[in-house]
Amino acid sequence: MLIAMLEAFGRRALQLFETTGQIVILFVQTLQQIRRLNIRRTILQMSHLGVDSLPIVLLTILFTGMVLTLQTAHEFIKYGAQSSVGGVVAIAMGRELSPVLSGVVIAGRVGAAITAEIGSMKVTEQIDALRVMATDPIAYLVVPRLVACVFMVPVLVVFADAIGVVGGYLVATLYAGISSFSYLHSISVFSEVNDVTGGLIKSMFFGGIVAIVGCYKGLTTAAGAEGVGRATTESVVLSIILIFISNYFLSLILYR
Amino acid sequence: MIQIQLKHVDMAFHGRTIFQDINLDIAKGEVMVIIGPSGSGKSTILRLIIGLLKPTAGEIWVNGEEISTYSENKMNKIRQHMGMVFQYSALFDSMSVGENVAFGLRQHTDHTEEEIARVVRRKLRMVGLTGQENAMPNELSGGQKKRVSLARAIALDPEIVLYDEPTAGLDPIMSNTIDRLIASTRRRLGNTAIVVTHHMSSAFDIADRIAMLYEGRIIEVGTVDEIRNSANPIVQQFIYGRKKTGKVEERGLELL
């Protein structure tokens, strides 16, 4: 019983290491192909993966900023610290909530789309067709998506930061009775540029994770429509896990 | 002149032997048809020749180069002289018919858009799909997709065209149309063609020579007449769909 459990655990651990290794290899291969970047395809991906994700990211982060303010304002007012609410919301949004939650939303929307698209191409031999036509699938499919995600996710996070703080402002002033001046003043007192730039640097990593994991899961899809479904789920789950794990270590480095 | 040569090629997937000691010479300008029951590894031979798969052992020569150990980059140079028509067409479903046919031209030539449009028009006319440039693959029938796939494969006027089950799943009239297209393409371009099929009528119509693959070995190679008159009972059974036993003919494909 115990041996069987250990064996199963070992098998899963080996599988995880193997997957991680293969993802790293794909990442290195993608970097090697980056000189073949096709600007037109990359801009198309930026529009498709980035701009089209703006509404859902804004909606998510707007409500996150609102609920964060709702909870903090209530407690802070109790202790007479209402003049700190704006700063706390801005720091929390800039450093953690905007980049991480945007990353999660992007993993769900963009990561799934990337895996489903490339996975369908794989099972219908379109990836083979690319290779037959002397076109490297990594240069053609992975490079534009990686570049698009790495550059567009920080752009989305800039908007997310802004809308999060605006959401907080609305709740603080209209619901919690904190004055407009107090909210805005505390932002300028407490928060620093580093709070935003750190979050943007993190979001570049999250964009990279979503793109590479999405492409990897797509390129390794097997066994028809069912395989595409499974790969898509795995892609989203793995991206989200990697975003949370890497977020801890990135925060450790960036905000020491 | 020999253009493609397989020497003592072995192939196995995950320890399961597909075929062993395959030897086959294909002359320049020849139409070689490979026949054999489903699952005998016919398509695998095409994938080995175009470098989508690497053999477990043996050598594969194309235009005087031994390609079995070539990297993807080196292989891409060889592939620019080859085209392939896939069993399920493998058209890029995010692109129109015209863009599919233009794909290789855009990737590998410096043609202007005008020149590309002219070539696309010409190739589509060759396959009887004049004016279909703007149709999307999902609007086409199976036979039309096959024809677009053929137009795409010959867009760069390749020296070698590989056809993987070009008539599978098509009605007899459309099968006949595809057979005639394979023949007329060869006449116009003077290309070498390797056709994998299990339709004997197609094989007899278009082949210069036929090779029969059975249980992992090539059991017979010869001209159409030689294959028709083969003394090998397995070949006879495959051709006529029944076993000749003296005066009595047993129906069915017991051996296969």
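What you see is a predicted model; the values in this text were computed from it and never measured.

### Section: the sheet that holds strand β5 (residues 65–66) of chain B
All names here are of chain B. Taken in spatial order, the four strands line up as β2-β1-β4-β5 in an open sheet, and their pairing is antiparallel. Among the strands making up the open sheet, the edge pair consists of β2 (16–27) and β5. Examined bridge by bridge, strand β4 (residues 57–62) and β5 share two bridges and lie antiparallel to one another. Note that in β5 the partner of Trp61 across the bridge is Glu66. Packed on one face of the sheet, helix α1 (residues 42–49) meets β1 (2–13), β2 and β4 and runs near 120° to β1.

### A few points about the environment of Thr64 of chain A
Tracing the backbone through its elements, the reader meets Thr64 of chain A in helix α3 (residues 54–78). Within polar-contact distance, the side chain of Thr64 of chain A engages the backbone oxygen of Thr60 of chain A at 2.7 Å.

### What about the pattern of salt bridges?
Under the criterion given, the structure shown has 16 salt bridges over all chains. Salt-bridge contacts for Lys78 of chain A lead to Glu75 of chain A; the nearest nitrogen and oxygen are separated by 3.5 Å. With a gap of three residues between them, Lys78 of chain A and Glu75 of chain A both fall in helix α3, about one helical turn apart. Look at Lys78 of chain A and you get exposed, because its relative accessible area is 56%. Judged by its relative accessible area of 33%, Glu75 of chain A is partly exposed. Between Glu159 of chain B and Lys28 of chain B there is a salt bridge whose closest N-O contact spans 3.7 Å. Taken as a pair, Glu159 of chain B in the loop between α5 (142–153) and β7 (160–164) and Lys28 of chain B in the loop between β2 and β3 (31–35) lie far apart in primary sequence, 131 residues in all. Through salt bridges with shared partners, a single network forms among Glu125 and Asp128 of chain A together with Arg47 of chain B.

### Some remarks on the interface of chain A and chain B
Opposite the 15 residues of chain A that make contact, chain B presents 23 residues. Buried surface at the junction of chain A and chain B, summed over both partners, amounts to about 1700 Å²; 53% is from carbon and sulfur atoms. For the interface between chain A and chain B, the tally reads three salt bridges. Residues Arg47 of chain B and Glu125 of chain A are paired through a salt bridge, measuring 2.6 Å at the closest nitrogen-oxygen approach. Where chain A packs against chain B, one counts eight residue pairs in polar contact (both at pLDDT 80 or more). The dominant element in the side of chain A that touches chain B, judged by the number of residues it contributes, is helix α5 (residues 126–132) of chain A, at six residues.

### Focus: the sheet that holds strand β10 (residues 217–223) of chain B
Residues and elements named next belong to chain B. In space, the six strands of this open sheet follow the order β6-β7-β8-β3-β9-β10, with mixed pairing throughout. Each edge of the open sheet carries a strand with a single partner, namely β6 (82–85) and β10. Strand-to-strand, the axes of this sheet are offset by a mean angle of 15°, without reference to chain direction. Pairing of β3 with strand β9 (residues 209–214), which is carried by four bridges, proceeds in the parallel orientation. In the sheet register, Val33 faces β9, and the bridge partner there is Ile210.

Calculation notes
- Residues numbered from 1 in each chain as written.
- Chains lettered and ligands numbered in written order.
- Predicted model: local features only at pLDDT ≥ 70, side-chain atom pairs only at ≥ 80, totals over all residues.
- Heavy atoms only, no water.
- Pairing = 2+ DSSP bridges.
- Helix = DSSP H or I, 4+ residues; strand = E, 2+ residues; numbered from the N terminus.
- Contact = heavy atoms within 4.5 Å.
- Axes fitted to C-alpha atoms, helices over the stretch in contact; angles between N-to-C directions.
- Polar contact = N/O pair within 3.5 Å; in protein donor to acceptor, adjacent residues only side chain to side chain.
- Salt bridge = Lys/Arg side-chain N within 4 Å of Asp/Glu carboxyl O.
- Buried < 20%, exposed > 50% of the residue type's maximum accessible area, 1.4 Å probe, protein only.
- Buried area = accessible area lost by both parts, 1.4 Å probe.

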